[in-house]
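Single-letter residue listing:
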Amino acid sequence: MSDIGHDYTSLSADVLVVGGGPAGTWAAIKAAQAGADVVLVDKGRCGSSGATASVGTGIWYVEDSPGLREAAMASRETLGGHLADREWMARVLDETYARMDELARVQRYPFPVDADGRQIRDDLQGPEYMRRQRIGVQRLGVRILDHTPALELLVDADGVVSGARVLDRQTGQVLSITAGAVVLAAGGCAFQSKTLGCDVNTGDGALLAVEAGAELSGMEFSSAYAIAPLGTSLTKTAYYSWATFYHADGSVLEGAGSTRGRSVIARTLLTGRVYARLDRATPDVQRAMRKGQPNFFLVFDRLGIDPFTDMFEITLLAEGTVRGTGGVRITGNDCSTSVPGLYAAGDTATRELICGGFTGGGSHNAAWAASSGSWAGHAAAGFAARRVRRPDQLRPVGSAGIRPAGAPTHDYREVVAEVQRAVLPYDHNYVRHANKLRPALEALHQAWSAVRDGLTGAGEDLFRAREAAAMTAHGRWMFHAALQRTETRGMHKRLDYPQQDPAQQFRLLTGGLEEIWTRPEAGSRTFAVTGEAA
Ligand SMILES: Cc1cc2nc3c(=O)[nH]c(=O)nc-3n(C[C@H](O)[C@H](O)[C@H](O)COP(=O)(O)OP(=O)(O)OC[C@H]3O[C@@H](n4cnc5c(N)ncnc54)[C@H](O)[C@@H]3O)c2cc1C
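Numbering of residues starts from 1 in every chain and runs along the sequence as written. Given that the model is predicted, a residue must reach a pLDDT of at least 70 before its local features are reported, and side-chain atom pairs must reach 80 or more before they are shown or counted; all residues, however, enter totals for whole chains, interfaces and linings. Only hydrogens and water are set aside when side-chain values are computed; all heavy atoms of the structure are taken into account.

Draft legend 1. Summary view of the pairing of strand S13 (residues 312-319). Residue burial is assigned from relative accessible area. The probe radius is 1.4 Å, only protein chains are included, and a residue is buried under 20% of its type maximum, exposed over 50%, and partly exposed in between. Only runs of H or I of at least four residues qualify as helices and only runs of E of at least two qualify as strands under DSSP, and these elements are numbered from the N terminus. The element S13 is largely enclosed, with a buried count of seven among its eight residues. Each pair of strands is called paired provided DSSP finds at least two bridges between the two strands. Summarising the sheet, strand S10 (residues 224-229) and S13 pair through five bridges and their orientation is antiparallel. If you follow Ile 227 over to S13, its bridge partner there is Leu 316. For strand S12 (residues 274-277) and S13, the ladder comprises three bridges, and the chain directions are antiparallel. For Ala 276, the partnering residue across the bridge sits in S13 and is Phe 312.

So, in structure tokens, the structure goes:
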């Protein structure tokens, strides 16, 4: 199961990294370069698992020129509802620039070159990127445990995060890994909607963090849906900017579009079918598209469809907090959280700092994963080196799905199906209205009660039960926050509150497991627990 292949019943490290996507691998690299002994666990296989490993990702790489940087920062500010932070954007642009340079020089990533021989560094082939990241991690002596999901965090008597309990999926054994600090980089939550590479993204990181006492931010910005040919999983919405969208009778679907106009597609899909054709791509663009994202065309080639000339049926797949922006609240420049010893990176963390309420897909998320992972790994190494460890006083803090209040009565599959019924429909999550949000949230609360009281398992079923618990918790946090934000801002679209409200220009914090709470970040206004979501 692992690179090291030795027997163990428990492990100790300076830094434990949970998740081996771009954020986790950069965290492991930076922690190891800072001198830490690092263990990285992945529920799948580090380098092949998660949202980046199977796709091509554009990355927010901008040359170090004041004009270009200014334009880059301004580009999504309005779309994001003015919730992003210029200082964070500038830091991410600098860090991404440095990390892409390291990727070229150290990991020897083969960036394509332009006519002048200069490397083009704003696009990455996910499989190749992640293959090289894994090698980079291994070269630094990091112990990688594949197929080993983190189940719950361990904290010491002072509440300092001190490791995790993990499942060895091959033996079914649960192991403890003690550590001086933990970086959560387990991706976001796409509710197993079948979007490519994301069925491992069940929101485990946020659940682990909240159980240890961390807060979340931006959970209402979780309504990312992306376009895919019907029956397939490849969501690459950017390429649909060259599409025309059609009704089943071949007439043009007016107002539909890949960026602005996706809600027209969602509304039409509620009662009918939608078709697309990439008929606005010129021959030059077509060639560039094939070169830039070859995996986009695999699906069409296999189906015998020429997407530039044939009409094909499409769907929208939910991507929750993978291409939404909500996640664990970051409290320091080093990606620390409100819990000592706990750091969050990549899609596990909120990306509002650079995206506001608008999707981070297409560029920002990849830049955030590399930057936040690097900062979190470096800082975790420092924290671990400084702290006094108390390994005899550790306690696990996992709850739902792992320690039910009563006898096990539920199957994780039923729970997942219930959560998906509540969360995936376009008229629950994409185009929102209290009339649909309230009953969906109520269904999620009931699912949570079932999970809390009667869901667990052994071996593989234990890890699946935890995934179901994390998805249920995510749904509740998302919809509670969505009800509290009584306006339309960023990707959060309320049919019952269609305008942006200047009085709500703040980030919303969310947390809690039994009682879910929400409050504006600045503390200027506080919503009662019995607010609209109750
Ligand atoms: C189809 C698609 C296209 C995209 N294109 C772009 C793009 O062009 N530009 C852009 O900026 N962004 C894009 N994104 C988003 C981008 O892929 C993600 O933001 C990025 O992968 C986040 O990196 P991460 O390391 O946080 O998470 P991931 O890459 O999802 O990695 C998470 C890792 O954690 C592991 N894991 C999960 N739970 C556990 C657990 N309990 N224990 C241990 N390990 C665990 C998973 O197995 C996985 O390996 C796209 C996403 C999709 C789905």
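Here the narrative resumes.
Draft legend 2. Seen up close, the sheet that holds strand S20 (residues 517-520). With antiparallel pairing, the four strands of this open sheet are ordered in space as S14-S9-S19-S20. This sheet does not close on itself; its edge strands, each paired only once, are strand S14 (327-328) and S20. The pairing of strand S9 (residues 216-217) with S14 spans two bridges and is classified as antiparallel. Looking at the pairing, Leu 216 lines up with Val 328 of S14. Contacts were defined at the residue level, with two residues in contact if any of their heavy atoms lie within 4.5 Å. Orientation is described by axes fitted as lines to C-alpha atoms, over the contacting stretch for helices, and by angles from 0 to 180 degrees between their N-to-C directions. Running at roughly 145 degrees to strand S19 (residues 508-511), helix H15 (residues 460-484) makes contact with S9, S19 and S20 of the sheet.

Draft legend 3. Expanded view of the nonpolar core. Val 15, Leu 153, Trp 368 and Trp 477 are the most contacted members of the largest nonpolar core, which has 122 residues in total. Apart from the residues lying within four places of it in its own chain, the contact partners of Leu 153 are Val 161, Gly 163, Ala 164, Val 182, Leu 184, Leu 208, Ala 209, Ala 212, Leu 342, Arg 395, Pro 396 and Val 397. By nonpolar core is meant a set of buried Ala, Val, Leu, Ile, Met, Phe, Trp, Tyr and Cys residues that side-chain atoms within 4.5 Å join together.

Draft legend 4. View of the pattern of salt bridges. Here, a salt bridge means any side-chain nitrogen of Lys or Arg that lies within 4 Å of a carboxyl oxygen of Asp or Glu. Enumeration over the complete set of coordinates arrives at 45 salt bridges. Across the pair Arg 277 and Asp 279 runs a salt bridge whose closest N-O atoms are separated by 3.0 Å. What makes Arg 277 partly exposed here is its relative accessible area of 22%. For Asp 284, the salt bridge identified is with Arg 287, shortest N-O distance 2.5 Å.

Draft legend 5. Here's a closer look at the site of the ligand. Being near a molecule or strand, for a residue, means having at least one of its heavy atoms within 4 Å of it. As a matter of local geometry, the ligand sits amid 41 residues, with Asp 42, Ser 49, Thr 52, Asp 204 and Ala 366 nearest to it. In protein, a polar contact means a hydrogen-donor-capable atom and an acceptor-capable atom, both N or O and within 3.5 Å, with residues adjacent in sequence counting only if both atoms are side-chain atoms; elsewhere, any N or O pair within 3.5 Å suffices. Between Pro 22 and the ligand, the recorded distance is 3.3 Å, taken from a backbone N or O atom to an oxygen atom. Take Asp 204: an N or O atom from its side chain is 2.8 Å from a nitrogen atom of the ligand. Taken by itself the ligand offers 1000 Å² of open surface, and the protein chains cover 99% of this. Those elements that place two or more of their residues in the shell around the ligand are helix H1 (22-33), strand S3 (56-58) and helix H11 (364-386). Considering each element in turn, the shell around the ligand owes the most residues, four residues, to H11. Accessible surface area values rest on a Shrake-Rupley calculation with a 1.4 Å probe, where residue burial reflects the displayed protein chains alone.

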